[in-house]
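Letter by letter, the chains look like this.
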Amino acid sequence: MPRPRKRYQRPGTPPGTLNPPDVARVPKVSVTILDYNADSLEERKVDSITECLPYRDKSSITWIDVNGLQDLDLIRQLGELFGLHPLSLEDVLNTGQRPKFEDYEEYGFAIMKELRFTDTIAAEQISLFFGKGWVITLQEAPGDPFEPIRERIRKGKGRIRRSGADYLAYALLDALVDSAFPILEKLGDRIEILERDVVGHPTRKTLSEIYSVRRELLYLRRTAWPQRELIHALNRDDSPLVSPETHIYLRDCYDHTVQILDLVETYREVAAGMLDVYLSSNSNRLNEVMKVLTVIATIFIPLTFITSLYGMNFNTHVSRWNMPELNWRFGYPMVLGVMAVIVAGMLAYFRRKKWL
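For the structure given in this document, a descriptive report is provided here. Model, not experiment: these values are computed from the prediction. (Residues numbered from 1 in each chain as written. Predicted model: local features only at pLDDT ≥ 70, side-chain atom pairs only at ≥ 80, totals over all residues. Heavy atoms only, no water.)

Notes on the environment of G143
Considering the arrangement of structural elements, one finds G143 in the loop between β7 (134-139) and α3 (147-155). The spatial distance from the C-alpha of G143 to the C-alpha of S30 is 12 Å, given a sequence separation of 113 residues. (Helix = DSSP H or I, 4+ residues; strand = E, 2+ residues; numbered from the N terminus.)

This is the structure we're talking about:
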């Protein structure tokens, strides 16, 4: 599980101070504009924010996507062009923020997480601004989680080309929410394999895998829970930025977040149950081993007593009570026979008691 990256301003720093991220995760900041309406579409890359100025007051829908956060001048100019509050721009640069939604009257501001999964879960912070006729997204890492939305816009599929900026914002948020489902599917497959291993042949590697899955699920829960609150806050808000038609789709997006949390909680319970089964299985195995060792030790107690008794080697010439058996012709075989009878009798008794 990735360690949450939380950056704090130096104590005493004025609010709204912009600092670049610790690591430049994108070699070069790129800005893409996608401007569209029901009948036309324009998509282009720009070299400076001043090229976005003609799109500020157009009647069409303008989507500005910024990939990379290390260019402070570019982000500052973007904030000045669209009237973005310095505090919201500060949150954009302080990666590792908790998902949230804030209403600035003139625009809405949301911070979301895009989840990716290879061997572990990786999260990228996505910042989203939307107002009347425009949407701005800022990504901190390479890779484009919004390519399916771009394709829908290019091909004019669905109602996205006929709707406003609020519907585009919903579509982007919904894409980020749904990024958790493939991860949950992979975690579910891992849990099924772990269940077979726990019941069949649990090892220390199995225990390590169980703890790894539990950490992934905990991280996923810490991400999905505030995202549910974000969608809920956006849906219940009476802001004029969101139309009644879009509220219907936001309710569906909220249902997705609830479904994700339900799956996470279910998998967490299964993982906790697997841990209990693993510990119980190991405890039972240890009990079986201890039982066998106890039986062996119990069998050897009388044998040890007999051999130690005859190992004292008393002199039979001094007294007839000093182990006359030492002079018997068949004393040694007789002692071995007695010991064999004792072992057989104890094994029969243990089996009768169902201890074996």
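Observations concerning unusual backbone geometry
Backbone geometry at E105 places phi at a positive 70 degrees, although glycine is not the residue there. Here E105 is to be found in the loop between β4 (100-103) and β5 (108-117).

Points about the layout of surface pockets
By volume, the second largest pocket is sized at about 250 Å³. Taken together, 13 residues form the lining of the second largest pocket, with Y310, G331, Y332, V335 and L336 sitting closest to its centre. Among the elements of the structure, α7 (244-310) and α8 (331-352) are those that each provide at least two residues to the lining of the second largest pocket. By residue number, the principal contributor to the lining of the second largest pocket is α8, which donates seven residues. Taken together, the residues of the lining of the second largest pocket sort by class into ten nonpolar, two polar and one charged. (1 Å grid on protein atoms, 1.4 Å probe; cavity = no way out; pocket = protein on both sides within 12 Å on 5 of 7 lines; lining within 4 Å. Points joined across faces, edges and corners; volume = space filled by probe spheres on them. Nonpolar A, V, L, I, M, F, W, Y, C, P; charged D, E, K, R; others polar.)

Points about the pattern of salt bridges
Counted under the stated rule, the structure contains 17 salt bridges. Two residues, R76 and D73, come together in a salt bridge whose shortest N-O distance is 3.1 Å. Here R76 pairs with D73, and both are found in helix α1 (residues 72-82), just three residues apart, close to one helical turn. On the accessibility criterion, R76 (34% relative accessible area) is partly exposed. A residue is classified by how much of its surface remains accessible, and D73, at 49% relative accessible area, is partly exposed. Between E265 and R221 there is a salt bridge whose closest N-O contact spans 2.5 Å. Of this pair, E265 sits in helix α7 while R221 sits in helix α6 (residues 204-236), and the two are 44 residues apart along the sequence. A cluster of three or more residues bridged by salt bridges with shared partners is formed by E43, D65, E147, R150, E151, R154 and K155. (Salt bridge = Lys/Arg side-chain N within 4 Å of Asp/Glu carboxyl O. Buried < 20%, exposed > 50% of the residue type's maximum accessible area, 1.4 Å probe, protein only.)

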